[in-house]
Protein chains: 2
Amino acid sequence: MVDAPPGPSAGPSLSTLLTALREGTTTPRRIAAEVADDLARRGDDGVWITTVGRDGLLARAAHLESVPDLDRLPLFGVPFAVKDTLDVAGLPTTAACPAYAYVPGTTAPAVAQLLEAGAVLVGKTNLDQFATGLNGTRSPYGVPANVFGRGLIPGGSSSGSAVAVATGVVPVALATDTAGSGRVPAALNGILGLKPTRGLISTVGLVPACRSLDCVSLMARSVADLRSLLDVVAAVDPADPWSRRRQRRSVPAPRIGLPPAGDLEFLGDEPMRRAHLAARAALPSVGPVSEVPLAPFLRAGELLYQGPWVAERLLQFADFLATDRDAVHPVVAGIIEGGAAYSAVDVFRAQYRLAELRAEVDRLWAEVDVVVLPTIPTTFTVAEVLADPIGTNTALGTYTHCGNLLDLCAVAVPAGLTEDGRPCSLMVLGPAGADDVVLDVAARLLGEAVTPAAAAPPGSTDIAVVG
Amino acid sequence: MVDAPPGPSAGPSLSTLLTALREGTTTPRRIAAEVADDLARRGDDGVWITTVGRDGLLARAAHLESVPDLDRLPLFGVPFAVKDTLDVAGLPTTAACPAYAYVPGTTAPAVAQLLEAGAVLVGKTNLDQFATGLNGTRSPYGVPANVFGRGLIPGGSSSGSAVAVATGVVPVALATDTAGSGRVPAALNGILGLKPTRGLISTVGLVPACRSLDCVSLMARSVADLRSLLDVVAAVDPADPWSRRRQRRSVPAPRIGLPPAGDLEFLGDEPMRRAHLAARAALPSVGPVSEVPLAPFLRAGELLYQGPWVAERLLQFADFLATDRDAVHPVVAGIIEGGAAYSAVDVFRAQYRLAELRAEVDRLWAEVDVVVLPTIPTTFTVAEVLADPIGTNTALGTYTHCGNLLDLCAVAVPAGLTEDGRPCSLMVLGPAGADDVVLDVAARLLGEAVTPAAAAPPGSTDIAVVG
């Protein structure tokens, strides 16, 4: 048996699976069995923290097959993975910290909507503990292997979800993205990562990182799959105070903003610079290109990791740290405890600065529909991250940090390889509400069909108020 | 000579003045001379911190008369007052603290737009120092007399602007309103106070109180005058990061939300309760009435004065307090220094709670177009405020505190007197952008014509980016 070439799986997409299911050339049980076989073959590869197991997969598939008309559901029979900070009733939520684990009685609405749409949950995926990290090494459950090999980190915090999709075990996964936790591991494993407009997907039932910025994000291997997933999970949730309604916009020839090439930072990674510039050379065929400043994006990003927002993590985990500090990854504990250094005055000062930067970026959207940046400036190996856990991690977020602070949506799009075989990724950013526009740009870049965004699909209902 | 009856002036409105000017029955110089005579007659009544003086008024009026076609300007010849936290080039900005005073070289855009529209600046008005207070007693420049007499406070912080309008010296004034500083003194002096949607009027050139919440507000004796003023000062300002474009909406029969009468708090002031309930009995003739909960408005308001937002005042004045604490009103200094007690974690915790309350209130706007509350729960005398400066002040803001935190617009509308002769005021609240809707409700309550809000007037241009 020859090893598969490095890089993401070319395995069946969500739409391929759905077509096969509907044409009767496969069944939910056969798909479930194949997933179980795949997981057994892979063994403990650090991707999963909990799985439902072969019996669980087959039972769910059998249930789906037994319910009449269920094959009309938009995700009928589709296997998916969930980052282990999102609650699934009856399975432990660990947030990659065994001492923190609890078994929720209720499933997070984002997961529940996939299940209601007929999808098949495979399990809960590994992550940088408490979603604190962009590298994928900060977990007691191991480091999932990057699909490009070479000792590269998988990226994080949603390391397991990214590798589960990139290896082809599942076509789609739920992740989260506060500072880049969805986009960075997508970039490092050659798949797509959509960080939707904040509020589009309910964050109820999510272990928070920075509650004011947290965002459930989506991973897939095609734009069409991301869109199918978004159509199901985007829903107004009255229980989520940040909830917002999805806007459906499309732009025939999106105006693309690019920063001056010389302003881009690749931290000395010249092959990555060349790969990025080669990839962005495709953009003029997507839409008219004009220049935009890079500075407000970088300055906003710096506020996130060098400013008081880390106090949101402390607010969430202070009680746990007070009693169980030894159970917390030492790097993660140190970062979170840093939140205690900030005063209320610091927060307001940073929020004023952010308001200025946000106003500056908001004005750009009069000139361009999207801005395209690198998703990551370079790649790191596991050894490099362990040697400098803070410096490398901050570097990874150079371009992604600003996304939620500036209230943007973004999609990380695979964009070929460096000459030495590492993944390059373009990040398409747009203003809040432009999710369908950034997906359209991604589709054009990948040669996929651009889906008309006008019609609301059957799955896009509001989440009911329960109780 | 008999004393005028207590209460606000029935003197000429902005529209009466403009009509007289355009018909030639008066001139800018005659109006300016009358203002100068009026000020001389009143002497130092604590209303003004700086005036331009008789010569200044007459020079400005003569200039206006000399410029051809200037009488086409929307505020040609109209005298106005400005709260002394807004910069006017060449006049000191004191913020009611002489040691803090500086002479700005640039005029705040909000003031500049009135001047460009042909208005005549009379002077800078008194306030609770650093706009910290809702009572009008916290100033070294004296306590302006409430027009209802009886030893009542004028309200604050915009005490001077309110009394300048209520006594008829000027038809209109600029004030500010962070926690109620525009609405509370309007209520206490029987005039109208509009706190527009935050961002509608530039806050550039304003001494901040809580920058994230500050709002330039408007005072007048009629809805028509408020609207004329708003048409001139509402403008997008790229230099103000919180700037937003005015929406022009109107609703034929606005749906009115009222909290259960029994939930309203009047702090034992039974005459005020009766006056309020009598006043709100007029609402069913304005539009269909339904019940809304009071709690989210009160809970949000409590966050403002019992939460970390006071750190914004500390951020603004910490340096000055460090060097000149003795020059600061002791109550004001104590309040501002309280901001040091709050951590970054406290801010995020309060902002989470606010997000929940805001989401709750946002959902109300699907059911009603406006909510009507009392502007103030009761009145206080100067003696009562001096005896309990914090408690009385907090009480005054019971209903107004929530306005900016919940991103609402609001207008305080005179609503008759209590049986013992004190002013009652209704506050009409609407969501951000509903400024014209709340003004329409105010107009209907006062029997004024409802102005169609559709057409954009000539003055509503953006502020140019300078330099």
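Just above sits the structure.
To start, this report covers the structure provided alongside it. These numbers come from a predicted model, not from an experiment.

Overlay of chain A on chain B (RMSD 0.0 Å): rotation 180 degrees, translation along the axis 0.0 Å. With respect to symmetry, the two chain copies, as superposed, fit the operation of a two-fold axis. Both copies share a contact surface, since 100% of the interface residues of chain A are interface residues in chain B too.

The next thing to look at is the packing of helix α2 (residues 28–42) of chain B against helix α3 (residues 53–66) of chain B. All names here are of chain B. Packing of α2 against α3 leaves a shortest axis separation of 8 Å and a crossing angle of 170 degrees. Judged by the angle between their axes, α2 and α3 are roughly antiparallel. For the pair α2 and α3, contact is made by P28, R29, A32, A33, V35, A36, D37 and A40 and by R54, L57, L58, A61, A62 and E65, respectively. Of the residues contributing to the contact of α2 with α3, the split by class is 10 nonpolar, no polar and 4 charged.

All names here are of chain B. On the basis of which strands lie adjacent, the open sheet formed by 11 strands has the order β1-β3-β2-β4-β6-β5-β10-β11-β9-β7-β8 and mixed pairing. Edge positions in the open sheet fall to β1 (48–51) and β8 (289–291), since each of these has one partner strand only. Each adjacent strand pair in this sheet contributes to an overall mean axis angle of 25 degrees, direction not counted. Examined bridge by bridge, strand β7 (residues 256–258) and β8 share 3 bridges and lie parallel to one another. Bridge pairing links I256 to V289 in β8.

So, about the environment of E116(A). Examined against the element boundaries, E116(A) turns out to sit in helix α4 (residues 109–116). Separated by 116 residues in the primary sequence, E116(A) and V232(A) have C-alpha atoms spaced 9.2 Å apart.

Further remarks concern the environment of P98(B). All names here are of chain B. Tracing the backbone through its elements, the reader meets P98 in the loop between β2 (79–83) and α4 (109–116). P98 sits in the partly exposed class, given a relative accessible area of 46%. Aside from chain neighbours lying at most four places away, what touches P98 is P140 and Y141.

Looking now at the interface of chain A and chain B. Accessible area lost when the parts come together is the quantity often used to give the size of an interface. With 25 residues of chain A in contact, the opposing surface of chain B contributes 25 residues. When chain A packs against chain B, close to 2,200 Å² is buried across both sides, 72% of that on carbon and sulfur atoms. Looking at the side of chain A facing chain B, the largest losses of area belong to L315(A), F348(A) and Y352(A), adding up to 32% of the total buried there. Applying the counting criterion to the chain A and chain B interface returns 2 salt bridges. Across the pair E356(A) and R211(B) runs a salt bridge, and its minimum N-O distance is 4.0 Å. Taken together, the connections running from chain A to chain B amount to 9 residue pairs in polar contact (both at pLDDT 80 or more). Counting residues per element, the ones that place at least two in the side of chain A that touches chain B are α10 (310–324) and α12 (344–364) of chain A.

Turning to the sheet that holds strand β11 (residues 423–431) of chain A, a few remarks are in order. Residue and element names in this part refer to chain A. Pairing in this open sheet of 11 strands is mixed, and the strands run β1-β3-β2-β4-β6-β5-β10-β11-β9-β7-β8 from one edge to the other. Edge positions in the sheet fall to β1 (48–51) and β8 (289–291), since each has one partner strand and no second. Strand-to-strand twist of the sheet, defined as the mean angle between neighbouring strand axes without regard to direction, takes the value 25 degrees. Relative to strand β6 (residues 216–220), strand β4 (residues 172–176) is paired through 5 bridges, and the arrangement is antiparallel. Bridging across to β6, T176 finds its partner in V216.

Under the defined criterion, the tally for this structure stands at 16 aromatic pairs over all chains. Ring centres of Y352(A) and W242(B) lie 5.8 Å apart, and the angle between their planes is 85 degrees; this geometry places the pair in the edge-to-face category. Of this pair, Y352(A) sits in helix α12 while W242(B) sits in the loop between α7 (223–233) and β7, placing the two residues on different chains. For the pair shown, Y352(A) and W242(B) are each scored as buried. Each ring, one from F130(B) and one from F320(B), has its centre 6.0 Å from the other, and the planes form 90 degrees; the classification is edge-to-face. Of this pair, F130(B) sits in the loop between β3 (120–125) and α5 (159–166) while F320(B) sits in helix α10 (residues 310–324), placing them 190 residues apart in sequence. Taken together, the ring pairs in this structure connect Y100(A), Y102(A), F130(A), F317(A) and F320(A) into an aromatic cluster.

What follows covers the packing of helix α7 (residues 223–233) of chain A against helix α16 (residues 435–446) of chain A. Residue and element names in this part refer to chain A. Contact geometry of α7 with α16 gives a least axis separation of 9 Å together with a crossing angle of 160 degrees. It follows that α7 is roughly antiparallel to α16 by the angle criterion. Considering how the two elements wind past one another, α7 and α16 form a crossing that is left-handed. Across the interface between the two elements, V223, L226, R227 and L230 from α7 touch D435, D436, L439, D440, A442, A443 and L446 from α16. Broken down by class, the residue content of the contact of α7 with α16 amounts to 7 nonpolar, no polar and 4 charged.

Per the stated rule, a full pass over the model turns up 0 disulfides over all chains. For the unlinked cysteine C215(A), the closest cysteine sulfur is that of C409(A), found at 9.4 Å. For C210(B), which is in no disulfide, the shortest distance to another cysteine sulfur is to C215(B) and amounts to 12 Å.

In this section: helix α14 (residues 389–396) of chain A. Residues and elements named next belong to chain A. For α14, the set of buried residues is T392, N393, A395 and L396. Along the axis of α14, the buried residues cluster in a sector spanning 160 degrees; they form a single face. Against α6 (183–188), α9 (295–305) and α13 (382–387) lie the buried residues of α14.

All names here are of chain B. Mapped onto the elements of the fold, A341 is located in the loop between α11 (330–337) and α12 (344–364). Judged by its relative accessible area of 64%, A341 is exposed. The sequence separation of A341 and V310 amounts to 31 residues, and the corresponding C-alpha distance is 9.7 Å.

F317(B) marks where α10(B) bends most, by close to 60 degrees. Turning to α10(B), its buried residues number three or more, namely V310(B), A311(B), E312(B), R313(B), L314(B), F317(B), F320(B) and L321(B). Lining the buried residues of α10(B) we find α12 of chain A together with α9 (295–305) and α11 of chain B.

Reading the values: the criteria
Residues numbered from 1 in each chain as written. Chains lettered and ligands numbered in written order. Predicted model: local features only at pLDDT ≥ 70, side-chain atom pairs only at ≥ 80, totals over all residues. Heavy atoms only, no water. Least-squares fit on C-alpha atoms with pLDDT ≥ 70 in both. Contact = heavy atoms within 4.5 Å. Axes fitted to C-alpha atoms, helices over the stretch in contact; angles between N-to-C directions. Helix = DSSP H or I, 4+ residues; strand = E, 2+ residues; numbered from the N terminus. Parallel < 35°, antiparallel > 145°, perpendicular 65-115°, else oblique. Nonpolar A, V, L, I, M, F, W, Y, C, P; charged D, E, K, R; others polar. Pairing = 2+ DSSP bridges. Buried < 20%, exposed > 50% of the residue type's maximum accessible area, 1.4 Å probe, protein only. Buried area = accessible area lost by both parts, 1.4 Å probe. Salt bridge = Lys/Arg side-chain N within 4 Å of Asp/Glu carboxyl O. Polar contact = N/O pair within 3.5 Å; in protein donor to acceptor, adjacent residues only side chain to side chain. Phe/Tyr/Trp six-rings, centres within 6.5 Å; stacked < 30°, edge-to-face > 60°. Left-handed = near helix turned anticlockwise from the far one by under 90°. Disulfide = S-S within 2.5 Å. Arc of directions from axis to C-beta. Bend = angle between axes of the 7 residues up to and from the residue.

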